[in-house]
Each structure stands twice: as structure tokens, then as C-alpha cells.
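Residues per chain, in single letters:
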Amino acid sequence: MRKHRKWARVRTYNAFIEHFAASSDIEGAMKTFKALAVANIVPTAQSYFLLALAAVNSGKRLGEVEDMFFQGASEGVQNTYFSYNTRAILAARAGEDVTPIYQEMYDEGFAPDDISFHHAFESMSLRPEKDMVTHALNLLSMMDRMGLIGSRRSMNALLKVLCRAGAAEQAVELYQSMVTKGVEEETMAPDFETYELALLACGNGKRMDLAVGVFRELEQRNIQPTVALYSTLVMGFGNSRDFESALGVWKEMKEKGLRANRTAYRRMVDACLKHPQGIAHACTTLEEMTAMGFSMDNEYYDTLLKGYGRARELEKVVARFRNINRPGPEVGEVTFGAVLSACNNEESLPTADEAIDRMVSSGKSPRSFAPI
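First, a word on scope: everything that follows refers to the structure included in this document. (Residues numbered from 1 in each chain as written. Predicted model: local features only at pLDDT ≥ 70, side-chain atom pairs only at ≥ 80, totals over all residues. Heavy atoms only, no water.)

## With respect to the pattern of salt bridges
Rules: One side-chain nitrogen of Lys or Arg within 4 Å of one carboxyl oxygen of Asp or Glu is enough to make a salt bridge. In DSSP terms, a helix is any run of H or I states spanning at least four residues, a strand is any run of E spanning at least two, and both are numbered starting from the N terminus. Three labels apply to residues, based on accessible area from a 1.4 Å probe with only protein chains included: buried if under 20% of the type maximum, exposed if over 50%, partly exposed otherwise in between.
Applying the stated criterion to the full structure yields 14 salt bridges. Between arginine 87 and glutamate 104 there is a salt bridge, and its shortest N-O distance comes to 3.3 Å. Pair noted here: arginine 87 is in helix H5 (residues 81-93) and glutamate 104 is in helix H6 (residues 99-107), with a separation of 17 residues, a long-range link. Arginine 87 sits in the partly exposed class, given a relative accessible area of 21%. Overall, the relative accessible area of 30% leaves glutamate 104 in the partly exposed class.

## What to know about the state of the cysteines
What counts, and what does not: The disulfide definition used here is simple: a pair of cysteine sulfur atoms within 2.5 Å.
Per the stated rule, a full pass over the model turns up zero disulfides. In this structure cysteine 163 is not part of a disulfide, and its nearest cysteine sulfur, from cysteine 202, lies 9.2 Å away.

## A closer look at the nonpolar core
Inclusion rule: Take the buried residues of types Ala, Val, Leu, Ile, Met, Phe, Trp, Tyr and Cys, join any two whose side-chain atoms come within 4.5 Å, and each joined set is a nonpolar core.
Core analysis: the largest hydrophobic core is formed by 36 residues, its most contacted members being Tyr175, Leu199, Leu233, Val234, Trp250 and Met268. Of all the secondary structure elements, the ones that give two or more residues to this core are helix H10 (168-181), helix H11 (192-204), helix H12 (208-220), helix H13 (227-239), helix H14 (243-255), helix H15 (262-273) and helix H16 (279-291). Tyr102, Phe121, Met132 and Met178 belong to the second largest nonpolar core, which has 35 residues in total.

## Considering the environment of glycine 150
Cut-off, in case you're wondering: Contacts are assigned to residue pairs that have any heavy atoms within 4.5 Å of one another.
Tracing the backbone shows glycine 150 in the loop between helix H8 (131-145) and helix H9 (152-165). By relative accessible area, which is 7% here, glycine 150 ends up buried. In the structure, glycine 150 is positioned 37 residues away from aspartate 113 in sequence and 8.8 Å away in space, judged by C-alpha atoms. The residues touching glycine 150, leaving out its near neighbours within four places in the chain, are Asp114, Met143, Met155 and Met188.

Following this line, the structure appears as C-alpha cells:
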């Protein structure tokens, strides 16, 4: 009975470590892990795995956790399902090829499962190197050799790796494979996260021809695109500096009766600003954004002011400038520069004086910047 209570206590500590891992809180996970020793409880292999997961997700204290794991291994934490997975996610986060670890795991009779590959892919997706694509696809081939059919969860994690690297062709190929296999294996069928990741990969890889193909294929399967998917397409066109196409997608989204959220507005504004002819529409979109009740960051206030300044619409500049009060975006030097530029365009010295007075009262020095 005592032994059972002790095991229950280990599981309780592990549950807390798992919670902190899911929150990417390595500090909370570390404190809980160390509390095991205070309570005179020996951590299990799962304890080390969950601690490593917290380190991987947060990107902090990785070396310390790795040292703790290998010290625990030397003190008797035997090779188990969890210990192999701990080694794998730490290696993946370090940018190493984890197939040798999983091969050893398989040879020792602790066959890696879909959850193992899911965590490895998630760890790889946190690194920007394109080499991660090769490592990730090697793992996918390993799954095939083992006869393991991945789940939607693990394949979406793989898509994150491809997305981060802008590996558009591989991402679309994986997406299409999920569509095909999902007919018979429901757990493999793509969901809206899959669609968004595939579109993001195409946008990051500047292969908007593939993105449009995925998008239109969804419509052919009677899947109604969401605001998130439309805005992802807008962002992709923005990355390719194709303002006209981004604007066309934005108009189509509105014609479908979909209401943009804050993320969608930000993506449309960013797409506009990446094209020299997009400043006017960026200002229109920002006005619409505020009318819908969404707040703007400093950079968007500056964009609005500069846009009006270039358009020589001084009245709108002054009205916007006078409305920038606390609470809200902090007035920065770029904002003052934008206002002064607009004032200089119209030679409206009283308004320029007002801008300087506001700047000085905010603790800014007039000599520290030049009009834009």
C-alpha cells in the first residue's frame, strides 16, 4: 500500500511538470522536478522526459536539463520508452539527426510510436535551419519503413518544420498524402490547421501558385475557407510583393461575408506596406480596423500618419495626432517625425509647433530625429 501511495505521488509531480511543459514554463517544471528530491521521491524516466519537453518548448536551460538527464541515466534511470524519447527531443532541438536514436530504440524493443515522432517533429519545428527538412523527411521515411501510419497530429507537426523552412513542394506533397490517406484513416485526414500550415509553407517559400492550388482544391471539396485561411493567403501574396493578388483575396473574403479579425487586418496592412503602391490602401484598412473596434500598435499609427502625410491630407494627420492619448500606443519619435513631415508638406507651422510641444512634454528631444 505504501508503495502504491509513493507511485501516486510521483504521478502527481509528473502531472504538474507536464502542465508546465505544455505552458513552455521551464522554471515551473524545474522547481517541480527538484521538489521530487526534497520529498525523497526518485524521478522516473517520464519525469525526465517531461522536464526535457518543458526545456525544448521554452528553448531555455537545455544544456542543464540534458546534463541532469544523463546524470540520472548514470544513476540508474534505465533505457525505457521515455528515456529514448527524451534523448530524441533533446537531439532534435539541438539540430541533430534523431533517426539513430529511434533505430536503437526499435532494436532494443521499445518501438517508437506516433507520439514519439510527433514530439520529435515539434522539437525540429522550433529550429530555423533548412537542414531540419532533411532530418524530418528522414523520420517520415523511417515511419514508412516501420509500417507506422502517422496521425493528423504528427503530420501537422511535420508540416510546421516544412513551413518554417519554406519547403512548399514537400508541404503540398504531404498535404495531398494526408487527403488521400484520410479517406480510409480518419485520424490522418487534414483539418483546418493542416490547410493553414500548407498555405503558410507555400507563402514562406514564395510559391503562391501552389498556395492558390491548395486553396481552390478546398473549395472543390466543398470546404469553406475561413478568415484564417484567407488571411494566410493574403500574407503569402504580401511576402511575394504581389499587392494586387493580396487585394483580390481580401475583397473575395469580404464578398463571402466573412468578417476580418485583428490578425487578418494586420496581415492585409503588412501586405500593402510591402508594395510601393499599397500605402493608400493600408491607411484605408487601418481606418476600417479601428472602426471595427480593434486597437493599433505604434507602428500602425505611424503608418497611418505617414500615409496621410504623403497624400498631403493634413487635416487627417492632425486629427489622428491629437487623438493619440493614454491609454493607448506610446507616442514615439517616428510618430512625431511623420507628423512634422505632413506639417512641412503643408507649411502649417502652428501644427508643427504643436507637435514639437507634445514631443518635448513626452521627454523627446527635437534634435534626436529628423522628419520622415
